[in-house]
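# Summary of the model geometry
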Amino acid sequence: LQNVRIDPSSISFTMWKDIPVPFYMSVHFFEVLNPKEVLKGAKPVLNQRGPYVYREFRYKTNITFHDNDTVSFLEYRKLFFQPHLSNGSEEEYIVVPNILMMGAAVMMENLPNFVKFVLSGALAGLKQQAFMNRTVGEIMWGYEDPLIDTINALVPGLIPFKGKFGLFVELNNSNSGLFTVNTGMKNISKVHMVDSWNGLKKVNYWQSSECNMINGTSGEMWPPFMSPTSLEFYSPDACRSMTLVYEQSGKFKGVPTYRFVAPKTLFANGTDYPPNEGFCPCMQSGIQNVSTCRMNAPMFISHPHFYNADPVLVNAVEGLHPNKDEHALFLDVHPMTGIPMNCSIKLQLNLYIKQVSGIMQTGKIKPVVLPLLWFAESGSIEGSVLKQFYNNLVLIPSLLDYLQYIFLGLSVPLIISAAVLMAKSQSTAAEKSPLHPTTQSKPPSSSETTPLLHDAGTPSQDDAEA
């Protein structure tokens with residue numbers, strides 16, 4: 001138990017501080033093959049591209065221990081492109097929706113018509129179109145776009161950022177917020193449980209107190225002695241706490257594990273699963289509206305290829321093939337320590353696009369939740385870390401169990417032998433004792449008794465002879 005606490009003297013502290021597990025982020029883009037037809041109202045035809053694989057390094061800084069059995073930290077991520085693991089380069093071009101323009105169009109739908117006409121004219125002057133042909137690197141890490149300054153000038157505060165725009169521009173070399181978690185020094189059952197995030201006990205993105213709660217851990221480790229029921233963690237990327245459910249027991253390279261997966265209710269809408277009503281406004285089950293924590297952009301998250309989602313979403317486009325093996329997320333955790341052995345967290349980013357009256361660039365696009373990309377963050381314990389883990393938590397305890405049975409097996413004949421020897425010893429001692437029945441003399445005959453014991457009326461042998 002001492003080794004799973006967040007304590008500089010514990011074995012797991014170094015692993016917690018600088019995660020030695022090699023993490024990889026694999027990104028798959030959805031290329032739109034028929035952008036001109038989509039503008040005329042046709043169904044989008046998609047082609048999956050990638051993966052584009054990045055090595056992910058995680059490390060913690062600003063580690064501060066507090067008197068109330070908690071510790072605060074910032075965790076940073078650095079991503080490095082891995083050409084040898086990727087199916088393509090960052091210089092490849094992909095046709096995708098003009099995320100900034102189409103997102104802004106939907107966000108401005110309810111503004112006065114004259115504002116939309118002015119924006120539409122500005123978009124025409126900037127030669128902005130509904131779809132763009134950009135490189136993987138630009139879509140990921142950002143590109144300069146004069147549209148940003150134009151929107152900020154026309155509608156101040158609509159997009160609260162300047163400079164480059166990219167889907168992952170804030171991910172690389174950045175932290176996921178200030179976590180404060182329990183150290184487990186006083187109560188081991190609370191180790192790694194989140195006390196606050198960015199100083200908050202709950203967030204304010206959603207419509208209900210339950211949905212705003214910050215539950216579970218930060219998603220790296222869990223308290224020891226886990227039960228095969230469920231686990232929780234707070235995800236800054238999803239702006240919410242997530243609950244995974246137990247699926248099965250297994251082993252990862254000899255180490256016993258519990259596998260936890262996402263329930264079908266994770267992204268269900270409020271109609272199909274009332275506790276999720278606080279995440280609404282909702283559309284079909286299987287997608288979650290994250291606009292409230294993503295600058296009000298019409299963004300949705302889901303499982304890749306709309307796995308476990310309403311079939312309406314899958315059928316609204318062509319080119320999706322959801323299946324469990326490729327698109328379901330999972331966590332394999334060692335239940336005794338709460339340390340993940342193998343994991344793959346998968347999410348898909350989607351953009352809601354449609355025709356917006358007054359903005360001619362949106363054409364006659366039919367309303368659709370259009371997949372942009374999906375990514376998987378995967379990692380597993382291996383090498384010397386796995387060997388140390390296996391030896392300390394599997395091999396040695398197993399040997400001790402075996403030795404226990406061996407000693408028990410050896411003790412049985414020893415106990416029997418000791419009992420036999422004791423019995424023989426008692427028998428020998430009894431034979432030497434005068435009180436033992438086998439050593440007593442036969443009763444004396446009447447002639448050998450003393451005269452005082454004779455009956456007076458009975459003549460003695462001497463008298464008879466006389």
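Residues numbered from 1 in each chain as written. Predicted model: local features only at pLDDT ≥ 70, side-chain atom pairs only at ≥ 80, totals over all residues. Heavy atoms only, no water.

### Here's the deal with the overall build of the protein chain
When helices and strands are counted, the protein chain shows eleven helices and 15 strands. Looking at the 466 residues of the protein chain, the share that counts as buried comes to 47%. Taking the contacts inside the protein chain whose residues are at least 6 apart along the sequence as the reference set, 64% of them involve residues at least 24 apart. In the structure as shown, the protein chain presents an accessible area of about 24,100 Å², 57% of it carried by carbon and sulfur atoms. (Helix = DSSP H or I, 4+ residues; strand = E, 2+ residues; numbered from the N terminus. Buried < 20%, exposed > 50% of the residue type's maximum accessible area, 1.4 Å probe, protein only. Contact = heavy atoms within 4.5 Å. Areas by Shrake-Rupley, 256 points an atom, 1.4 Å probe, with all protein chains shown as cover.)

### Section: the pattern of salt bridges
Within this structure, the stated rule accounts for 14 salt bridges. A salt bridge links Glu31 to Arg49, with the shortest nitrogen-to-oxygen separation between them at 3.0 Å. Separated by 18 residues along the polypeptide, Glu31 in strand 1 (residues 23-32) and Arg49 in strand 2 (residues 46-65) bring together distant segments of the chain. Of the two residues examined, Glu31 and Arg49, each falls in the buried class. A salt bridge links Asp195 to Lys201; the nearest nitrogen and oxygen atoms lie 2.9 Å apart. (Salt bridge = Lys/Arg side-chain N within 4 Å of Asp/Glu carboxyl O.)

### As for the state of the cysteines
In protein structure, a disulfide is the covalent linkage between the sulfur atoms of two cysteines. Taken as a whole and assessed by the stated rule, the structure comprises two disulfides. Between the sulfur atoms of Cys239 and its disulfide mate Cys293 the distance is 2.0 Å. Classification of the bridge connecting Cys239 and Cys293 rests on its S-S torsion, roughly 90 degrees, and on that basis the disulfide is right-handed. Of this pair, Cys239 sits in the loop between strand 8 (230-235) and strand 9 (240-252) while Cys293 sits in the loop between strand 11 (287-289) and strand 12 (299-302), placing them 54 residues apart in sequence. This pair shows no difference in class: Cys239 is buried, exactly as Cys293 is. The disulfide pattern of the protein chain is 1-4, 2-3 when the bonded cysteines are numbered in sequence order. (Disulfide = S-S within 2.5 Å.)

### So, the confidence of the model for the protein chain
A residue-level look at the protein chain finds 82% of positions with pLDDT of 70 or above and a mean pLDDT of 85. Long-range and interchain partners of residues 436-466, a stretch whose pLDDT sits below 50, account for nine contacts in this model, where long-range means more than four residues apart. (pLDDT = per-residue confidence, 0-100.)

### Some details on the nonpolar core
For soluble globular proteins, the rule of thumb is that nonpolar side chains tend to be buried together. By size, the foremost hydrophobic cluster in this structure holds 115 residues, and its most contacted members are Met25, Phe29 and Leu231. Not counting residues up to four positions away in its chain, the partners in contact with Leu231 are Trp222, Met226, Met242, Thr243, Leu244, Phe260, Leu331 and Val333. (Core = buried A, V, L, I, M, F, W, Y, C linked by side-chain atoms within 4.5 Å.)

### What to know about a nonpolar patch on the surface
On the surface, Phe114, Val118 and Leu154 cluster together into a nonpolar patch covering about 290 Å² of accessible area. With respect to the secondary-structure elements, Val118 resides in helix 4 (residues 113-125). (Patch = residues over 30% accessible without salt bridge, like charges linked within 9 Å, V, L, I, M, F, W, Y side chains within 5 Å.)

### Describing the side chain of Gln348
Here Gln348 lies in strand 14 (residues 339-353). On the accessibility criterion, Gln348 (0% relative accessible area) is buried. Within the structure, Gln348 has its side chain in polar contact with the backbone nitrogen of His305 (distance 2.6 Å). (Polar contact = N/O pair within 3.5 Å; in protein donor to acceptor, adjacent residues only side chain to side chain.)

### Description of the packing of aromatic side chains
Aromatic ring pairs are reported here in terms of the distance separating the ring centres and the angle at which the planes meet. Inspection of the entire model under this criterion finds 20 aromatic pairs. When the ring of Tyr143 is compared with that of Phe165, the centres are 6.1 Å apart and the planes differ by 85 degrees; the resulting orientation is edge-to-face. Taken together, the residues span a long stretch of sequence, with Tyr143 in the loop between helix 5 (136-141) and helix 6 (146-154) and Phe165 in the loop between helix 6 and strand 6 (174-182) at a distance of 22 residues. Among the residues examined, Tyr143 registers a relative accessible area of 4% and is labelled buried. Aromatic side chains Tyr246 and Phe260 sit 6.2 Å apart centroid to centroid with 75 degrees between the ring planes, which places their arrangement in the edge-to-face category. With Tyr246 in strand 9 and Phe260 in strand 10 (residues 255-261), the pair connects residues that are 14 residues apart, well separated along the chain. Its relative accessible area of 26% is what places Tyr246 among the partly exposed residues. When its relative accessible area of 0% is taken as the criterion, Phe260 is described as buried. Cluster of aromatic residues (ring-pair linked, three or more members): Phe13, Trp16, Phe65, Phe73, Phe179, Trp197 and Tyr234. (Phe/Tyr/Trp six-rings, centres within 6.5 Å; stacked < 30°, edge-to-face > 60°.)

### Some thoughts on unusual backbone geometry
For the bond from Gly50 to Pro51, the omega torsion is 10 degrees, close enough to zero to count as cis. When you line up the elements, Pro51 lands in strand 2. In this structure, Pro281 follows Cys280 across a cis peptide bond, with omega equal to 20 degrees. Mapped onto the secondary structure, Pro281 falls in the loop between strand 10 and strand 11. Notably, Lys253 is not glycine yet its phi reads approximately 55 degrees, a positive angle. By relative accessible area, which is 53% here, Lys253 ends up exposed.

### Examining the layout of surface pockets
Here the largest pocket is characterised by a volume of approximately 1,100 Å³. In terms of lining, the largest pocket is formed by 39 residues, of which the most central are Leu167, Glu170, Cys293, Arg294 and Met295. Broken down by secondary-structure element, the contributors of at least two residues to the lining of the largest pocket are helix 3 (99-107), strand 6, strand 12, strand 14 and strand 15 (368-380). Its residues assigned to classes, the lining of the largest pocket comprises 26 nonpolar, six polar and seven charged. (1 Å grid on protein atoms, 1.4 Å probe; cavity = no way out; pocket = protein on both sides within 12 Å on 5 of 7 lines; lining within 4 Å. Points joined across faces, edges and corners; volume = space filled by probe spheres on them. Nonpolar A, V, L, I, M, F, W, Y, C, P; charged D, E, K, R; others polar.)

### What about the environment of Leu123?
Mapped onto the secondary structure, Leu123 falls in helix 4. Aside from chain neighbours lying at most four places away, what touches Leu123 is Met101, Gln128, Leu147, Ile359 and Gln361.

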